[in-house]
Amino acid sequence: MLEGLLMHKPDDPISFLMKQLLLDNYEVPKICILGPPASGKTAIAMWLGKLLETTYISQETLLASDWSSLAGEVQAHRDADQKIPDTLWAGLIEERLQFQDSIATGWIIDGLPETRELARIFQTKGILPKHVVVLYAPDTVLIERNLGKRVDVVTGEVYHTTFDWPTDEQVSLRLELPKGISELETSRRLVEYHQNYPGILLSFGKSVKFINADQPFADVFSQVLTHVQTPPRTLAPFSPRILLCGPPGSGKSLQAALLAQKYGLVNVSCGQMLKEAVADETKLGELIKSYFDSGWPVADNIVIKLLSSRLNRFDSYVRGWVVHGFPKDEDQAKLMKSANIVPNRVFFLDLTVDTILQRLCHRKLDPVTGERYHTLFKPAASKEANERLLVHPRDQEEAVKSKVEAYFRLSSDLENFFEDAIIINADQDPQTVFEYLESYIVNPLPNTSRGF
């Protein structure tokens, strides 16, 4: 949003921002295709514009009509064979990017900026491409390519006598030899490009993607398309706000602990949070204790009050958080939303009923040592220890089945509420599950208008 305000400088910022929200244009393409003469940047940019249905901008399209008084000034410099000031190009592009099509569908700028100074003016005016593609090839290859270049005077599309001759005879008849493609002129332009090239790169830094243009056009285009469809990396701070959902036995507590340990997140177990509130012996804790004593679930509004208080602390803002144990149904999720508890990653750990029963109903506790065992995965070492093991009432098969049935009865509505939630197969070893979670946390998610 700040980027848009910087670039467009609207008279009424509030109306402008409201229009931006309606257009949902924050993920539209903003691309610069750069490269030396004959590198194929024009063809690449034009095909990208068609495929992505976005606005194609080049020196020629900027001067194609009298929509701006600046266009006339630029054309006057051209006609007089004078160097066109960078400020003129920048002003012309700035005007063009304020058109509705550029705002709504994004833009692809072909061949600009050509100088370090123009790149810097781009930055000061807020013309900030998300992707900058720089094509490269040996000068000898570029000179050979340029000599065979032909232009369709009707559409402006570029063809080549060797590599890309049109199949339509009518098109081939109207092709013309463009100006400035002699070997001497191409060499001069290449020298000028190599002089300006390092300074341009300094302006765009790590957002630049280099692609070898000395290969078939289809391969070059495929690489460019793949790159511009990849969300750009950003240095903006990112505090994970993670919600882990899943049935009993899916490993939510373990994965939350692993995430908190590796990334320094605040680990919020809602069940543990309620127990701590009771232990603190506050008035709210006393109220929660009455629920515990009666065996009834703690009221949702009390859980939300505690959860909101914990997540509004300074460490949660700075470090991020991972919450598990709540919500368990759609109504609780709606309460979270109304309390402005908004996760930016929601995971459902998926597990079959048979696996849940296998994991939970075989858990046992040694009352002497306090050691926890599992008859299938971690049996007691001695017969004596094995004979004294106890099963917690909550791990009895009927109790587990009751909790699992309750979860699956409500889980479909909960999954529908979190439309952008990521489903992870939890029937794997914990480290594999953690790696899947981690991959979705450190990488950007695809753009989507769904979810909450």
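Residues numbered from 1 in each chain as written. Predicted model: local features only at pLDDT ≥ 70, side-chain atom pairs only at ≥ 80, totals over all residues. Heavy atoms only, no water.

Draft legend 1. View of the overall build of the protein chain. Looking only at helices and strands, one finds 22 helices and 15 strands in the protein chain. In the protein chain, 71% of the contacts between residues at least 6 apart in sequence involve partners at least 24 apart. (Helix = DSSP H or I, 4+ residues; strand = E, 2+ residues; numbered from the N terminus. Contact = heavy atoms within 4.5 Å.)

Draft legend 2. Summary view of the sheet that holds strand β7 (residues 175-176). An order of β6-β5-β7 is seen for the 3 strands of this open sheet, with the pairing classed as antiparallel. Both outer strands of the open sheet, β6 (158-160) and β7, are each paired with one neighbouring strand and no more. Here strand β5 (residues 149-152) runs beside β6; their pairing, made up of 3 bridges, is antiparallel. Bridge pairing in β6 links R150 to Y159. (Pairing = 2+ DSSP bridges.)

Draft legend 3. Quick peek at the pairing of strand β10 (residues 266-269). Judged by which residues are buried, β10 turns out to be one-sided: V266 and V268 face inward and are buried, whereas N267 and S269, on the alternate face, are not. Bridge count for β10 against strand β11 (residues 321-324) is 4 bridges, and the pairing is parallel. Across the sheet, the residue bridging to V268 is V323, located in β11. (Buried < 20%, exposed > 50% of the residue type's maximum accessible area, 1.4 Å probe, protein only.)

Draft legend 4. How the structure looks around a nonpolar patch on the surface. Taken together, the side chains of F314, Y317 and V318 present a nonpolar region at the surface, about 390 Å² in accessible area. Among the structural elements, Y317 can be located in helix α17 (residues 314-319). On the basis of relative accessibility, which here comes to 55%, the residue Y317 falls in the exposed class. (Patch = residues over 30% accessible without salt bridge, like charges linked within 9 Å, V, L, I, M, F, W, Y side chains within 5 Å. Areas by Shrake-Rupley, 256 points an atom, 1.4 Å probe, with all protein chains shown as cover. Salt bridge = Lys/Arg side-chain N within 4 Å of Asp/Glu carboxyl O.)

Draft legend 5. Fine view of the nonpolar core. In this structure, I288, L307, V323, F348 and F418 are the most contacted members of the largest nonpolar core, which totals 31 residues. Only β9 (241-245), β10, α14 (270-279), α16 (300-311), β11, α18 (330-338), β12 (345-350) and α21 (397-417) provide two or more residues apiece to this core. Sorting elements by how many residues they give to this core places α16 first, with 6 residues. With near-sequence residues (within four places) excluded, L307 lies in contact with V268, C270, M273, V323, F326 and I341. (Core = buried A, V, L, I, M, F, W, Y, C linked by side-chain atoms within 4.5 Å.)

Draft legend 6. Seen up close, the packing of helix α19 (residues 353-360) against α21. Interaxial distance between α19 and α21 falls to 10 Å at its minimum, and their mutual angle equals 140°. Of the possible angle classes, the one that applies to α19 and α21 is oblique. The element α19 and its partner α21 pack so that their crossing is right-handed. Note on element contacts: α21 touches α19 through E397, V400, K401, V404 and F408, opposite V353, I356, L357 and L360. Split into classes, the residues belonging to the contact of α19 with α21 amount to 7 nonpolar, no polar and 2 charged. (Axes fitted to C-alpha atoms, helices over the stretch in contact; angles between N-to-C directions. Parallel < 35°, antiparallel > 145°, perpendicular 65-115°, else oblique. Left-handed = near helix turned anticlockwise from the far one by under 90°. Nonpolar A, V, L, I, M, F, W, Y, C, P; charged D, E, K, R; others polar.)

Draft legend 7. Local environment of helix α13 (residues 252-263). Across its 12 residues, α13 extends 16 Å between first and last C-alpha, which sits within 8% of the 16 Å expected from 1.5 Å per residue. Residues of α13 that are buried include every one of K252, Q255, A256, L259 and A260, and no others. Each buried residue of α13 lies within a common arc of 135° when the element is viewed along its axis, so the set occupies one face. Here the buried face of α13 lies against β9, β10, β11, β12 and α22 (430-442). Where α13 terminates, the next one or two residues include G264, which has phi positive at roughly 70°. (Expected span 1.5 Å × (residues − 1). Arc of directions from axis to C-beta.)

Draft legend 8. Examining a positive patch on the surface more closely. Together, K275, K328, R372, R394 and K403 give the surface a local cluster of positive charge. Position of K403 among the secondary structure elements: in helix α21. A relative accessible area of 36% means that K403 is categorised as partly exposed. (Lys, Arg positive; Asp, Glu negative; His and termini not counted. Charge placed at Lys NZ, Arg CZ, Asp CG, Glu CD.)

Draft legend 9. Seen up close, unusual backbone geometry. Following L112, the chain continues into P113 via a peptide bond in cis, with omega recorded as 5°. Relative to the elements of secondary structure, P113 occurs in the loop between β3 (107-110) and α8 (116-124). Residue P327 follows F326 across a cis peptide bond; omega there is 5°. You can see P327 is positioned in the loop between β11 and α18. Even without being glycine, E53 reaches a positive phi, approximately 55°. Position of E53 among the secondary structure elements: in the loop between α3 (41-52) and β2 (55-57). What makes E53 exposed here is its relative accessible area of 63%.

Draft legend 10. Just the state of the cysteines, in detail. Applying the stated criterion across every chain, the model contains 0 disulfides. Sulfur of C270: no disulfide; nearest cysteine sulfur belongs to C245 and is 10.0 Å away. Classification of C270 as buried rests on a relative accessible area of 3%. (Disulfide = S-S within 2.5 Å.)

Draft legend 11. Geometry of the packing of aromatic side chains. Considering all chains together, one arrives at 5 aromatic pairs under this definition. Consider the rings of Y193 and Y197, whose centres lie 5.6 Å apart with planes at 35°: the pair is tilted. Taken together, the residues span about one helical turn, with Y193 and Y197 both in helix α11 (residues 183-204) at a distance of 4 residues. Taking relative accessible area as the criterion, Y193 reaches 17% and is therefore assigned buried. A residue is classified by how much of its surface remains accessible, and Y197, at 26% relative accessible area, is partly exposed. When the ring centre of Y373 is taken as origin, the NZ or CZ atom of K378, which lies over that ring, is 5.8 Å away. (Phe/Tyr/Trp six-rings, centres within 6.5 Å; stacked < 30°, edge-to-face > 60°. Lys NZ or Arg CZ within 6 Å of the ring centre and 35° of its normal.)

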